[in-house]
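The primary structure of each chain is shown beneath.
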Amino acid sequence: MLPSKFIYLVGYSFYLGATLLVRPIPLPVVFLVGKFFGWLGFCIMPKRRNLAVSNMTTALRISEKEARELALRHFKMFGANVFSMLKVPSMSDAAIWRHVSFEIGPTIPQEPGGKGWVAVFAHMSNWELLGPLTKLFPQFRFGAIYRKLSNPAVNRHFNKNRSRLGVRLFDRQDEFWDAVAFLESGGVMGVLSDQYAGASGTWMPFFERLTSTSTLAAALAKRIDVPIVPIQISTTGLARWHVRVGEPILEGSSVEATTAIINQDLEKQIKRAPADWLWTHNRWKTPPFGFLFTANRQQTHIPVGFDVSKMTPFRILVRSVNELEEARLAAPA
């Protein structure tokens, strides 16, 4: 087996080479090249393709044929946006803005002073445009809570690009209290809210199917008493994007209730631009046996008024012992 350092070096070399290759190429051409590689990925990555189709049929309640058509559009869009992400950091602000339109809610906090606000967003479209977005609010300092990439060299390169735009980064594992202090001092904190949260998350409905959800954004906002603002980026054409800064989310009675409201807003975003969301992420992953047992301290939350009869049920196989008499004894347990 090859050592991980060598694998990371090869991966970083390909990544760095790609960023250098796209730098002199016009952004629309880069977008089209990425679209081709997205189509290629759809053809040669059956596991990811099947995962996307499965997620779409369950979440959007569409047929398998419709899901395969949408999955193809998603792969092509994902490839186009990934290649565009490699290009955008080398562009000037003026060149970037020629490809982006904006929609900003009228009640978004605009004035500096006092506490900041929490910006929640998802892995949709060209999410690296969130860095240049900070230029729209020059009166605020911006930060983001992130999870380190497995390749440390690529991680450093991404972080360098983000820091160059004036975004301060906080490691979600080691710098939580620094992020709290940043918000209290008037900063704006960006939080990705759409990924599977594992054992640390709270199980709640997302597209009417239970999944582990991070409560980080809601916990930060409640602790410091600041608003939560959803931000969506959608692809609208050939190297064209629309950034929608929505109205502040009306917070619930608890962190879990607010997180459920964030989930509901994210569902609306995905329905508006279904090909843009990262469907190849295993958002509804089922962990090992015992995941909803209280001994594992797994929390669940069902929003008030949610119709549980519409929820996609888990299929649980209970295997009995082989001998009939032992099975009769075990049945009551």
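Residues numbered from 1 in each chain as written. Predicted model: local features only at pLDDT ≥ 70, side-chain atom pairs only at ≥ 80, totals over all residues. Heavy atoms only, no water.

Chemist: So what exactly am I meant to see when it comes to the overall build of the chain here?
Modeler: Helix and strand counts for the chain come out as 10 helices and 10 strands. Relative to its length of 333 residues, the chain is compact, with a C-alpha radius of gyration of 22 Å against a globular reference of 20 Å. Judged by the C-alpha coordinates and their principal axes, the chain covers about 75 × 50 × 40 Å. Taking all 333 residues of the chain together, the buried fraction comes to 48%. Contacts in the chain between residues at least 24 apart in sequence constitute 77% of all its contacts with a sequence separation of at least 6. For the chain, the computed accessible surface area is about 18,200 Å², with 59% contributed by carbon and sulfur atoms. Here the chain carries 39 positive and 25 negative side-chain charges, and the mean point of each set is 8 Å from the other. (Helix = DSSP H or I, 4+ residues; strand = E, 2+ residues; numbered from the N terminus. Rg over C-alpha atoms; globule rule 2.2 N^0.38 Å. Buried < 20%, exposed > 50% of the residue type's maximum accessible area, 1.4 Å probe, protein only. Contact = heavy atoms within 4.5 Å. Areas by Shrake-Rupley, 256 points an atom, 1.4 Å probe, with all protein chains shown as cover. Lys, Arg positive; Asp, Glu negative; His and termini not counted. Charge placed at Lys NZ, Arg CZ, Asp CG, Glu CD.)

Chemist: Would you mind showing me how to read the packing of aromatic side chains here?
Modeler: For any pair of aromatic rings, geometry is given as the distance between the ring centres together with the angle between the planes. Counted under the stated rule, the structure contains 16 aromatic pairs. Taking 4.9 Å as the distance between ring centres and 85° as the angle between the ring planes, the aromatic pair formed by tryptophan 277 and tryptophan 279 counts as edge-to-face. Where tryptophan 277 meets tryptophan 284, the ring centres are 6.3 Å apart and the plane angle is 75°; that geometry is what we call edge-to-face. Taking the relative accessible area as the measure of exposure, tryptophan 277 reaches 1% and is therefore buried. Look at tryptophan 284 and you get buried, because its relative accessible area is 4%. Taken together, the ring pairs in this structure connect Phe206, Phe207, Trp277, Trp279 and Trp284 into an aromatic cluster. Arginine 49 extends its terminal NZ or CZ atom over the ring of phenylalanine 42, reaching a point 5.4 Å from the ring centre. (Phe/Tyr/Trp six-rings, centres within 6.5 Å; stacked < 30°, edge-to-face > 60°. Lys NZ or Arg CZ within 6 Å of the ring centre and 35° of its normal.)

Chemist: Where do I start with helix α8 (residues 216–224) in this structure?
Modeler: Think of an α-helix as 3.6 residues a turn; residues three or four steps apart then line up on the same face. For α8, every residue scored as buried is listed here: Leu216, Ala217, Ala218, Leu220, Ala221 and Ile224. Once α8 ends, the next one or two residues include aspartate 225, with phi positive near 60°.

Chemist: For this particular structure, what's the right way to read the nonpolar core?
Modeler: Core analysis: the largest hydrophobic core is formed by 29 residues, its most contacted members being Trp117, Leu129, Leu130, Ile231, Trp241 and Val243. Mapped by element, the contributors of at least two residues to this core are α2 (27–44), α4 (64–87), α5 (93–97), β2 (117–121), β8 (228–237) and β9 (240–245). (Core = buried A, V, L, I, M, F, W, Y, C linked by side-chain atoms within 4.5 Å.)

Chemist: Help me understand the sheet that holds strand β7 (residues 210–213) in this model?
Modeler: Adjacent strands of a sheet pair through backbone hydrogen bonds, lying either parallel or antiparallel. Taken together, 3 strands build an open sheet; the order of strands is β7-β6-β10 and the sheet is mixed. Each edge of the open sheet carries a strand with a single partner, namely β7 and β10 (299–300). Here helix α9 (residues 255–272) sits on the sheet in contact with β6 (202–205) and β7, set at roughly 45° to β6. (Pairing = 2+ DSSP bridges. Axes fitted to C-alpha atoms, helices over the stretch in contact; angles between N-to-C directions.)

Chemist: When you look at the environment of phenylalanine 75 in this model, what are you seeing that I'm missing?
Modeler: Summarising the element assignment, phenylalanine 75 is placed in helix α4. The spacing of phenylalanine 75 and isoleucine 25 is 50 residues in sequence and 22 Å in space, taken between C-alpha atoms. Excluding residues within four positions of it along the chain, phenylalanine 75 makes contact with Gly38, Gly41, Phe42, Arg48, Arg49, Ala52 and Thr280.

Chemist: Looking at this model, I keep getting lost on the packing of α2 against α4. Mind explaining?
Modeler: With their axes 6 Å apart at the nearest point, α2 and α4 run at an angle of 135° to one another. Judged by the inter-axis angle, α2 sits oblique to α4. Handedness of the α2/α4 crossing: right-handed. Where α2 abuts α4, its residues Leu27, Val30, Phe31, Val33, Gly34, Lys35, Phe37, Gly38, Trp39, Gly41 and Phe42 lie against Arg68, Ala71, Leu72, Phe75, Lys76, Met77, Gly79, Ala80, Asn81, Phe83, Ser84 and Lys87. Tallied by class, residues from the contact of α2 with α4 come to 13 nonpolar, 6 polar and 4 charged. (Parallel < 35°, antiparallel > 145°, perpendicular 65-115°, else oblique. Left-handed = near helix turned anticlockwise from the far one by under 90°. Nonpolar A, V, L, I, M, F, W, Y, C, P; charged D, E, K, R; others polar.)

Chemist: In this structure, what is going on with the pairing of strand β3 (residues 142–146)? I would like to understand it.
Modeler: Residues in a regular strand point their side chains to alternate faces of the sheet. Of all 5 residues in β3, 5 are buried, a share of seventy percent or more. Judged by which residues are buried, β3 turns out to be covered on both faces: Phe142, Ala144 and Tyr146 on one side and Gly143 and Ile145 on the other are all buried. Examined bridge by bridge, β3 and strand β4 (residues 167–171) share 5 bridges and lie parallel to one another. Bridge pairing in β4 links tyrosine 146 to aspartate 171.

Chemist: Can you walk me through the pattern of salt bridges in this structure?
Modeler: Where charged atoms from two side chains of opposite charge come close, those side chains can pair. Tallied over the entire structure, the rule returns 3 salt bridges. With its nearest N and O atoms 3.1 Å apart, the salt bridge here joins glutamate 208 to arginine 61. In this pair, glutamate 208 is assigned in the loop between β6 and β7 and arginine 61 in the loop between α3 (46–60) and α4, connecting sequence segments 147 residues apart. Relative accessible area serves as the criterion here: at 48%, arginine 61 is assigned to the partly exposed category. For arginine 244, the salt bridge identified is with glutamate 103, shortest N-O distance 3.7 Å. Taken together, the residues span a long stretch of sequence, with arginine 244 in strand β9 and glutamate 103 in strand β1 (residues 100–104) at a distance of 141 residues. (Salt bridge = Lys/Arg side-chain N within 4 Å of Asp/Glu carboxyl O.)

Chemist: Please clarify how the side chain of aspartate 171 should be interpreted in this entry.
Modeler: As for its placement among the helices and strands, aspartate 171 is situated in strand β4. Apart from the residues within four sequence positions on either side, aspartate 171 is in contact with Tyr146, Lys148 and Phe176.

Chemist: Which parts of the structure should I look at to understand the sheet that holds strand β5 (residues 188–192)?
Modeler: The 7 strands are arranged β1-β9-β8-β2-β5-β3-β4 in an open sheet whose pairing can be described as mixed. Each end of this open sheet is capped by a strand with a single partner; those strands are β1 and β4. Pairwise comparison of adjacent strand axes, ignoring direction, gives a mean angle of 25° for this sheet. As judged from the 6 bridges shared by β8 and β9, these two strands associate in the antiparallel manner. Among the inter-strand pairings, threonine 235 is bridged to a residue of β9, identified as tryptophan 241.

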